[in-house]
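Okay, here's what each chain looks like letter by letter:
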Amino acid sequence: RVAITAGYTEPDTSDGNTSVSETRKTKRRGFKFSTYAKEDHRKSLFGVAFNPYGNPALPPVFATVGSNRVTLYQCVEGGTLSVLQSYCDPCKDENFYTLCWLYTVTDKDQVEVKLAVAGKRGLIRILSPERLTDLFTLLGSGDSINELKVHPKDKFILLSASKDNSLRLWNLKTRQLIAILGGLQGHRDEVLSCDFDLMGKHVISCGMDHSIKMWSLEGISETVELSYTYQSEKPFPVQSVHFPVFSTRSVHRNYVDCVRWFGKLILSKSCENKIVCWKPELETGQSSTIPEQAEVLHSFEYGNCHIWYMRFALSFNYDTMAAGNQSGKVFVWDLLNEDEPSKQSTLTHQKCSSPVRQVCFSPDGTTLVAVADDATVWRWDKN
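Thresholds, definitions, all that
- Residues numbered from 1 in each chain as written.
- Predicted model: local features only at pLDDT ≥ 70, side-chain atom pairs only at ≥ 80, totals over all residues.
- Heavy atoms only, no water.
- Salt bridge = Lys/Arg side-chain N within 4 Å of Asp/Glu carboxyl O.
- Helix = DSSP H or I, 4+ residues; strand = E, 2+ residues; numbered from the N terminus.
- Buried < 20%, exposed > 50% of the residue type's maximum accessible area, 1.4 Å probe, protein only.
- Polar contact = N/O pair within 3.5 Å; in protein donor to acceptor, adjacent residues only side chain to side chain.
- Phe/Tyr/Trp six-rings, centres within 6.5 Å; stacked < 30°, edge-to-face > 60°.
- Pairing = 2+ DSSP bridges.

K.L.:
Is there a simple way to explain the pattern of salt bridges in this structure?
P.N.:
Note on pairing: side chains with opposite charge can pair once their charged atoms come close. Counted under the stated rule, the structure contains eleven salt bridges. E112 is the salt-bridge partner of R131, the closest N and O atoms lying 2.9 Å from each other. Separated by 19 residues along the polypeptide, R131 in the loop between β9 (124–128) and β10 (133–138) and E112 in strand β8 (residues 111–119) bring together distant segments of the chain. In this structure E112 comes out as buried when scored by relative accessible area, which is 5%. Of the charged contacts, one joins K343 and E340 as a salt bridge, the two residues approaching to 3.6 Å between their closest N and O atoms. With a relative accessible area of 31%, K343 lands in the partly exposed category. Ionic contacts of the salt-bridge type, sharing partners, join the residues D89, R121 and R125 into one network.

Below, the structure is given as structure tokens:
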């Protein structure tokens, strides 16, 4: 079981250390510094995510992961943070890298929100903040898990990206491993990031082999359906998908550590001080080769981000993008600005000087949260 402990933080709501020049830039985009907190384990925080299934009339809730800890916060009115819960994994060697919010509908038509977390040990823990406990653990990943994503249409389907060069598709309702994406034409090194498209028909992935691959899920639809009803003493027939429908190494020249769908376009980043927007050129005719041509449309450049596992974020309505760098700055782009698409605002604070591992927008887009290597959590709000 996951132990439940109190979460201790060191809050600071003072904005006097925000630089004047950067404050002017922040106001143009509407974000200003609100507060920050420091978790007591004082180790790197690798992931942060807002709960997208909460009551919009209540203050938003988000969770952070780092070390063997999962901490839930609420963005209290007035710009402060309130610690709601903190989960501590029983294994001290665990180091959580990623998290994903889930939900199920109970027999009384009530929504129960859950959390999936994973990291160094390759175990996927399913937590219930409402019941104050862990529900179950998914076993079967070959190594550490770097990212988790839930299917946009089927709330029971979970995707994991692993250090074992593959992606795995899971059924949370039956706790069954459905399919493994990888093998002959799969990634040749650690898979660092993944994402579903809006309809849940394709998966995009990237990794240490400098490649970005697109996988079709249409060929495993029958296996997904079978995973809900399978009852046999024999092991479930896990399907292997060896061939992606697209693969390229032409967009980046280094580790690709974050990738997201942007409609039918792709946003991806590497250790090259930029996020690239590009379009995969998929062949419509019959061909025995995997398409690999990509058309780069735009680059969002920013400075001092040469280390890997630094993930950017898109707002829920896809109109804003944000990313942090290794000196503690957070950059924000207005994706609706057609005249100056590369124009950015920069959020800084004198006490924020460690690498910002991940950022996240609240569901309504009015709050931006970042987590850093020094165990700090940073909050900015729109005026």
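So much for the structure itself; the text now carries on.
K.L.:
Would you explain the environment of T367 in this entry?
P.N.:
One can find T367 in strand β29 (residues 367–372). Judged by relative accessible area, which is 3%, T367 ranks as buried. At 2.7 Å, the side chain of T367 forms a polar contact with the side chain of D381.

K.L.:
Would you mind going over the packing of aromatic side chains with me for this structure?
P.N.:
What characterises a pair of aromatic rings is the spacing of the ring centres plus the angle enclosed by the ring planes. Using the criterion set out here, one finds 21 aromatic pairs in the structure. Note on Y97 and Y309: the rings are 6.1 Å apart at their centroids and 70° apart in plane angle, and the pair reads as edge-to-face. Here Y309 lies in the loop between β23 (294–301) and β24 (313–314) and Y97 lies in strand β7 (residues 96–105), a separation of 212 residues in the sequence. A residue is classified by how much of its surface remains accessible, and Y97, at 16% relative accessible area, is buried. Centre to centre, the rings of W378 and W380 are 6.5 Å apart; their planes meet at 25°, and the pair counts as stacked.

K.L.:
So what exactly am I meant to see when it comes to the pairing of β29 here?
P.N.:
Looking down a regular strand, the side chains alternate between one sheet face and the other. Of all the six residues making up β29, six are buried; the element is thus mostly covered by neighbouring parts of the structure. Along β29, one buried face is formed by T367, V369 and V371 and the opposite face, lined by L368, A370 and A372, is buried too. Taken together, the five bridges between strand β28 (residues 356–361) and β29 define a ladder with antiparallel strand orientation. By the bridge assignment, V356 is partnered in β29 with A372. With antiparallel pairing between neighbouring strands as the criterion, β28 and β29 make up a hairpin whose turn holds five residues, including G365 at a positive phi of roughly 75°. Sheet topology note: the β29/strand β30 (residues 376–382) ladder contains five bridges and is antiparallel. Across the sheet, the residue bridging to L368 is W380, located in β30. Connecting β29 to the antiparallel partner β30 that follows it, the hairpin turn spans three residues, and A375 within it adopts a positive phi of roughly 70°.

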